Every structure is written in structure tokens, then in C-alpha cells.
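Summary of structural features
So you can see what is in the structure, the chains are spelled out below.
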Amino acid sequence: MPQFTFTNNTYAGEALAGFMASTLLEADSVKRGLLTVINDVKSRKVILDVDDDVVLQDPSGIFADQGTTALQNESYLDPVVYEFMKQEQWDKLVQSWEAQSLKPGAFMDYEGIVDLSDFMVQRYLTKIQIANERLYWLGKSATKEAAFTAGFTGLLPSISAASGVYKVGLGKPATSMAATAIDATGVVTVSSTATLADGDVVTITEVTGTSKDTTNGGSGIAIQGQSYFIQIVSATTFKLVRNYNEINTRKAAIFSGTSTAATVSYINASNVLSVLTSVYSQLDPADRSQDDFNLQIPLHVGYAYAQAQADKAVNVLNAFTDSKKMDYLGVPLQLMNHWQANTILGARASNLFLGVDLLGDESELSTVYMKPYTNDNVVRMKARMKAAVNFKFANEIFYLSA
């Protein structure tokens, strides 16, 4: 039976009112209008587009059809249903600081503290919203909270795999380097770390070896395609400190195995301006001019861009104290909290779709104390959601990744 677990109950001093938990990055891409939300998606919804060409012909007294055919295409939103279910038994509160707030009566041990239960409900809701955000963009495979059976390919993996998308890699000297070794502690050997700095985020690809990330236990996951915050160790080595996917848990990275070769890709303060210049020059002119067009970038690229702006502002008062505007030559840069590292997406919000039964589902948590119904002294919490993501025009999307 799930029960609260308490540690470090010293009972020395006085407990402050209220509760705290670690800071979480907000899940807000829907709130910012970066997706087109389609409600009432209980089953497959079909997104239609239709087009035809125009042919300017020679004058003719006899009507001559231009001979083209209007073409209609379909894209789909196929919702996946998943739920959150949590059962809690509160009687261990009597072993904690909360004992002083319990009501008289032995059965009251089970009913918990209103402040604590309300705090936990809000905490669960926040984490559900973050899990959904990751699911929408990164897909099930990169969302460790997603344990349901059905497949769910997020927008970024779908875009990466789609034909017609304008794709750019980071395999250039200014944005990548070869690694000649990765040891069992996550120390990577390269020819030079001169263009890297503490806190940069690198993506590891083309791995030769057995290196695995065992941060979350078990046999671990291959480091192929994973991204990490780094610390510089020497002129030729750096350490993989934390998996970028653990940005909210802040777990230190743990590894097993070794590798003899890999490619290290990165966007940081040393190259972010040249990267954005290259991206800007390759954007589709018609899309770039639309009001709902955005360049979506991970947090670390936004921080690197702010640093690069300050570094370039020679003899400018307050260059390192004023906040920096997040756009590039008039194109908005949207900092994405839960995103794939070293990835830039250029797209119109009206070309990216999120299908839900009701957008508010992820903010609704049904909570029931079971004693009046089953005589079980437990609280059950449940949320139910449906979601589907897709895009319409692949040839109007720009995608840069490692």
C-alpha cells in the first residue's frame, strides 16, 4: 500500500508553516501559442489541404482549360489515451511534523492534512503538465514518465523522420568535433576544448563502444543521441555532468562502459551567432514573413545567444546587466523549456497541431477519499488525457539538429 515516506524527522526546533519542493521549469508552449490546438479529438481527426497551379496562357477565343488537377491531401490526428493514477495512505503522518495538525480520533490519522494534500495535488498537476509537454514535442521514448503501451511519436522525431523537411546538421568544424575516448566516468577526450566552456551542452552521436548512461538505474541507455551539460577538465578533456533530459531532476550523470570514438556537436556562445546567421539565410521567405512564424530553440542556446550579444557589445554601457532581446533580425526566438538540445525548429504555429479531447484535461485531477465508498482509508487521484500531434506542410519546416 503506497504510504508517505519521511526522512530526517529530528523533531528539534520548530517546523515552519507550508511546504517546499524543488523548482520545475514551466510547461508553457501551448500557453505561448506555439501549437495550433484542436479540441474535441475523441477519435481520428482529418486535416485537409487542397491546392492547384495557375497557368497564364495565350489569348484564345475558344476556351482552353489549363489542364491541371486540384489535389487534396489528408493528415491525421490519431489520439492516444493515457492516465495518471496515484493512491495515498496518510496514516504515517502521525510519525512526522504533521502529527500536531491531525484531528483527534484514531481514524483521523488516515485523513491527512489539507495543506499537505493540496500541495501534493498541485505538485502532481505541474508534473503531469511537464510530462505532457515533453510527450508532445519529444515523444514517448524521451519522456520517462510515459509508461503506457501505445506508441506516441512526438513532433520533433516526426519532423526529423519526414521527407520534405528542410534539414540541416551540425557536422561542421565550428559546431562539432571528434572524440577519441569516453571513459567509464563520462570524461571525453578531444583534440582541444578551446571552443567549449563549463555549462555548455553537447550532443553525442556516432558512438563506437559500449558507453551507457545509467543515471536512472538498470542496464542504462546508450549515450548515442544523448545530450549533456559539461565541465572542462583539461585542454583536451571534458566531463559529461548531467543528462539534458534530467534538467528538472538535476541528477548527476552516471555511466558504464567505454567508447573509442564519437562525434560531439554543440551550440554555445562561441558559435551561436554563426549558427543563427546560417539558419536565418536558409529560412523559407514566405514562412519567415508570417506573423506566427517562430524559431524554437532550447534554453541553453538562448543563454548562449544572450552571452554572445553581451560579448559583442564592445564599449556598450550595461552590456552585461541588461536582459537581451530574444529575436534574430526580427524573427522571434522562442526559448523551449522541455526540448531537444542543440536543436532549432523554424515553423508556423498554424502548421503544428496538437489534438486533445479538452485542453483542460491535463489540469484536472480527480481526488476521492475512499472510506465512504469502500471503507478503505486511502485517497485516490486520477487524471485522464488524450493527445495527438502532427504537422501539415513538411516543406515549410526548418529543422537543425546534431
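Residues numbered from 1 in each chain as written. Predicted model: local features only at pLDDT ≥ 70, side-chain atom pairs only at ≥ 80, totals over all residues. Heavy atoms only, no water.

**Quick word on the overall build of the protein chain**
- Looking only at helices and strands, the protein chain has 6 helices and 22 strands in total.
- Classification of the 402 residues of the protein chain by burial places 42% in the buried group.
- For the protein chain, the share of sequence-separated contacts (at least 6 apart) that also reach a separation of at least 24 residues comes to 74%.
- Looking at the protein chain as shown, the accessible area adds up to about 21000 Å², and 53% of this sits on carbon and sulfur atoms. (Helix = DSSP H or I, 4+ residues; strand = E, 2+ residues; numbered from the N terminus. Buried < 20%, exposed > 50% of the residue type's maximum accessible area, 1.4 Å probe, protein only. Contact = heavy atoms within 4.5 Å. Areas by Shrake-Rupley, 256 points an atom, 1.4 Å probe, with all protein chains shown as cover.)

**What to know about the packing of aromatic side chains**
- A complete count under the given rule lists 8 aromatic pairs for this structure.
- Aromatic pair Y280 and Y328: ring centres 5.8 Å apart, planes at 65°, arrangement edge-to-face. Of this pair, Y280 sits in helix α3 (residues 272–282) while Y328 sits in strand β16 (residues 327–328), and the two are 48 residues apart along the sequence.
- Owing to a relative accessible area of 23%, Y280 belongs among the partly exposed residues under this scheme. (Phe/Tyr/Trp six-rings, centres within 6.5 Å; stacked < 30°, edge-to-face > 60°.)

**Notes on α3**
- Of the residues making up α3, those classed as buried are V272, V275, L276 and V279. The buried residues of α3 occupy an angular sector of 95° when the element is viewed end-on, so they sit on one face.
- Summarising the contacts, the buried residues of α3 are in contact with β15 (293–298), α5 (299–312), β16, β17 (331–336), β18 (344–348) and β22 (398–401). (Arc of directions from axis to C-beta.)

**Re the environment of A269**
- For A269, the position within the fold is in the loop between β14 (259–266) and α3.
- On the accessibility criterion, A269 (33% relative accessible area) is partly exposed.
- In the structure, A269 is positioned 37 residues away from A306 in sequence and 8.2 Å away in space, judged by C-alpha atoms.
- With residues up to four places along the chain from it excluded, the contact list for A269 reads A304, Q307 and A308.

**Some details on the sheet that holds strand β9 (residues 212–213)**
- Ordered by their spatial adjacency, 3 strands build an open sheet running β10-β9-β13, and the pairing between neighbours is antiparallel. The two strands at the open ends of the sheet, each matched to only one other strand, are β10 (221–222) and β13 (255–256).
- Sheet topology note: the β9/β10 ladder contains 2 bridges and is antiparallel. Paired with K212 across the two strands is A222, which belongs to β10. (Pairing = 2+ DSSP bridges.)

**Regarding the side chain of D49**
- Checked against the element boundaries, D49 lands in strand β2 (residues 45–51).
- D49 gets classed as buried once you look at its relative accessible area, which sits at 15%.
- In terms of polar contacts, D49 uses its side chain to reach the side chain of K392, at 2.7 Å.
- Excluding residues within four positions of it along the chain, D49 makes contact with L71, Q72, N73, K392 and F393. (Polar contact = N/O pair within 3.5 Å; in protein donor to acceptor, adjacent residues only side chain to side chain.)

**Focus: empty space enclosed by the protein**
- A complete count under the given rule lists 1 cavity of 30 Å³ or more for this structure.
- When residues of the lining of the largest cavity are traced back to their parent elements, those giving at least two are α1 (114–138) and β21 (379–391).
- Of the residues belonging to the lining of the largest cavity, the class tally is 6 nonpolar, 1 polar and 3 charged. (1 Å grid on protein atoms, 1.4 Å probe; cavity = no way out; pocket = protein on both sides within 12 Å on 5 of 7 lines; lining within 4 Å. Points joined across faces, edges and corners; volume = space filled by probe spheres on them. Nonpolar A, V, L, I, M, F, W, Y, C, P; charged D, E, K, R; others polar.)

**Here we look at the sheet that holds strand β8 (residues 201–209)**
- On the basis of which strands lie adjacent, the closed barrel formed by 6 strands has the order β6-β7-β12-β11-β8-β14 and antiparallel pairing. Taken over all neighbouring pairs, the strand axes of this sheet differ in orientation by 45° on average, direction set aside.
- Bridging between strand β7 (residues 187–190) and strand β12 (residues 237–243) involves 3 bridges; their strand directions are antiparallel. Its bridge partner being in β12, V188 is matched across the sheet by F238. (Axes fitted to C-alpha atoms, helices over the stretch in contact; angles between N-to-C directions.)

**A few points about α5**
- For α5, spanning 14 residues, the distance from its first C-alpha to its last is 20 Å, which sits close to the expected 20 Å at 1.5 Å a residue.
- When α5 is considered as a whole, its buried residues turn out to be L299, H300, V301, G302, A304, Y305, A308 and A310.
- Where α5 is buried, its residues contact β8, α3, β15, β16 and β17. (Expected span 1.5 Å × (residues − 1).)

**Section: the nonpolar core**
- By size, the foremost hydrophobic cluster in this structure holds 39 residues, and its most contacted members are W137, L345 and L352.
- At the level of elements, β4 (80–88), α1, α2 (155–161), β18, β19 (352–356) and β21 are the ones that each hand at least two residues to this core.
- Tallying contributions element by element places α1 first for this core, with 9 residues.
- What L352 contacts, discounting residues up to four positions off in sequence, is L34, L35, T36, W137, I159, Q296, L345, A347, N390, F391 and I397.
- Of all hydrophobic cores here, the second largest spans 21 residues; its members include V168, V275, L283 and L333. (Core = buried A, V, L, I, M, F, W, Y, C linked by side-chain atoms within 4.5 Å.)

**Quick notes on the side chain of D287**
- Relative to the elements of secondary structure, D287 occurs in helix α4 (residues 285–288).
- With relative accessibility at 4%, the residue D287 sits in the buried group.
- Contacts of D287, omitting those with residues within four sequence positions, involve F293, R348 and E396.

**Thoughts on the confidence of the model for the protein chain**
- When pLDDT is averaged along the protein chain, the result is 88; 87% of the residues meet or exceed 70.
- Note that pLDDT drops below 50 for residues 11–20; the model gives that stretch 12 contacts with residues more than four away or on any other chain. (pLDDT = per-residue confidence, 0-100.)

**Comments concerning the environment of S29**
- Checked against the element boundaries, S29 lands in the segment before β1 (36–38).
- Given the relative accessible area of 0%, S29 is considered buried.
- Within the structure, the side chain of S29 is placed 3.0 Å from the side chain of W137, a separation counted as a polar contact.

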